[in-house]
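Spelled out, the chains give:
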Amino acid sequence: MTDPVSDAAGRVAIVTASSQGMGLATARALAEDGYRLALLARSDAIDVVADDLDAVAVRGSVTDPKALAQVVAVAHDRFGRIDAVVNNTGHPPKGDLLTIDDEAWHAGLDLVLLNVVRMARVVTPIMVAQGSGGAIVNVSTFAAFEPQAAFPVSATLRAGLATFTKLYADRYAPDRIRMNNVLPGFIDSYAVDEATRAQIPLGRPGTVEEVAATIRFLLSPGAGYITGQNIRVDGGLTRSV
């Protein structure tokens with residue numbers, strides 16, 4: 001019997017910011033499932049990752065529309081189709097709420113919201129033309145729904161990402177294209193102090209592999225009836241229900 005989660009042989013996925021952390025863990029998980037991969041990252045390390053995973057790599061930033069268009073073009077030219085996209089990115093500027101200048105806010109907009117909008121513009125026509133649908137997962141943050149003073153740019157703009165995701169999911173559901181967000185809490189790709197651990201009901205940070213496993217599921221046929229959602233992977237950190 002076919003596994004509805006891991007039946008991915010021959011499918012094609014793009015993963016951005018995939019040279020380390022959650023992006024790298026996601027790329028590895030998808031490669032294990034049989035996806036053919038196109039990877040985007042600024043670091044030279046992306047070439048090593050691509051060689052290891054038998055993927056194609058593009059050097060560039062998710063804030064650069066040309067780099068996003070290039071990785072889509074490379075994936076489509078190399079593999080002839082695109083079935084999935086994981087929009088992973090870095091962390092936007094931090095600071096006290098009213099001391100963050102306009103330049104930092106605009107940089108955050110490019111990094112955590114417009115990256116998704118721009119990717120959708122170039123990849124959606126391909127998915128529509130294929131006629132077989134597709135799936136997009138955006139890596140967001142738990143703070144999108146429980147804003148944290150320490151992350152004002154991230155929390156504000158990723159709340160906007162949740163709205164865009166719902167609008168996109170509604171608009172392209174007839175084409176069988178799904179979009180969801182994954183909302184990690186504190187993850188082990190960064191140091192987590194004891195005071196923070198004490199706030200997490202599970203008592204520990206999550207692992208990048210746990211986030212990757214959730215993304216893997218949301219891209220899979222097993223999640224075929226899930227779209228427009230914000231899935232928390234936070235060890236119970238958020239209090240809202």
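Read on for a plain summary of the structure. Computed from a prediction, not measured in an experiment: that's the story for all the values here.

1. Some thoughts on unusual backbone geometry
Part 1 of the argument: Phi angles above zero are rare outside glycine, and A17 is one such case at about 45 degrees.
Part 2 of the argument: When you line up the elements, A17 lands in the loop between β1 (12–16) and α1 (21–33).
Part 3 of the argument: Phi is positive for R176, close to 60 degrees, though the residue is something other than glycine.
Part 4 of the argument: Checked against the element boundaries, R176 lands in the loop between α5 (152–172) and β6 (177–184).

2. Quick word on the layout of surface pockets
Part 1 of the argument: Approximately 1,000 Å³ is the volume attributed to the largest pocket.
Part 2 of the argument: Taken together, 42 residues make up the lining of the largest pocket; nearest its centre are M22, T89, G90, H91 and Y190.
Part 3 of the argument: Of all elements in the fold, only α1, β2 (36–41) and α5 reach the threshold of two or more residues within the lining of the largest pocket.
Part 4 of the argument: Of all the elements, α5 adds the most residues to the lining of the largest pocket, at four residues.

3. Some points on the environment of R176
Part 1 of the argument: Taking the relative accessible area as the measure of exposure, R176 reaches 54% and is therefore exposed.
Part 2 of the argument: As for R176 and H76, which are separated by 100 residues in sequence, their C-alpha atoms are 19 Å apart.
Part 3 of the argument: Sequence-distant contacts of R176, that is, excluding residues within four places in its chain, are made with G131, S132, G133 and G134.
Part 4 of the argument: At 2.6 Å, the side chain of R176 and the backbone oxygen of G131 are in polar contact.

4. A word on the packing of aromatic side chains
Part 1 of the argument: Taken as a whole and judged by the stated rule, the model has three aromatic pairs.
Part 2 of the argument: Plain terms: the ring middles of F142 and F186 are 5.5 Å apart, the flat faces sit at 50 degrees to each other, and that makes the pair tilted. Of the two residues, F142 sits in the loop between β5 (134–139) and α5 while F186 sits in the loop between β6 and α6 (194–197), which places them 44 residues apart along the sequence.
Part 3 of the argument: Exposure remark for F186: the relative accessible area of 24% places this residue in the partly exposed category.
Part 4 of the argument: Aromatic side chains F164 and Y168 sit 6.2 Å apart centroid to centroid with 35 degrees between the ring planes, which places their arrangement in the tilted category. With a gap of four residues between them, F164 and Y168 both fall in helix α5, about one helical turn apart.
Part 5 of the argument: Taking the relative accessible area as the measure of exposure, F164 reaches 22% and is therefore partly exposed.
Part 6 of the argument: The class of Y168 is buried, set by a relative accessible area of 5%.
Part 7 of the argument: Aromatic ring contacts, followed pair by pair, group F164, Y168 and Y172 into a single cluster.

Conventions adopted
Residues numbered from 1 in each chain as written. Predicted model: local features only at pLDDT ≥ 70, side-chain atom pairs only at ≥ 80, totals over all residues. Heavy atoms only, no water. Helix = DSSP H or I, 4+ residues; strand = E, 2+ residues; numbered from the N terminus. 1 Å grid on protein atoms, 1.4 Å probe; cavity = no way out; pocket = protein on both sides within 12 Å on 5 of 7 lines; lining within 4 Å. Points joined across faces, edges and corners; volume = space filled by probe spheres on them. Buried < 20%, exposed > 50% of the residue type's maximum accessible area, 1.4 Å probe, protein only. Contact = heavy atoms within 4.5 Å. Polar contact = N/O pair within 3.5 Å; in protein donor to acceptor, adjacent residues only side chain to side chain. Phe/Tyr/Trp six-rings, centres within 6.5 Å; stacked < 30°, edge-to-face > 60°.

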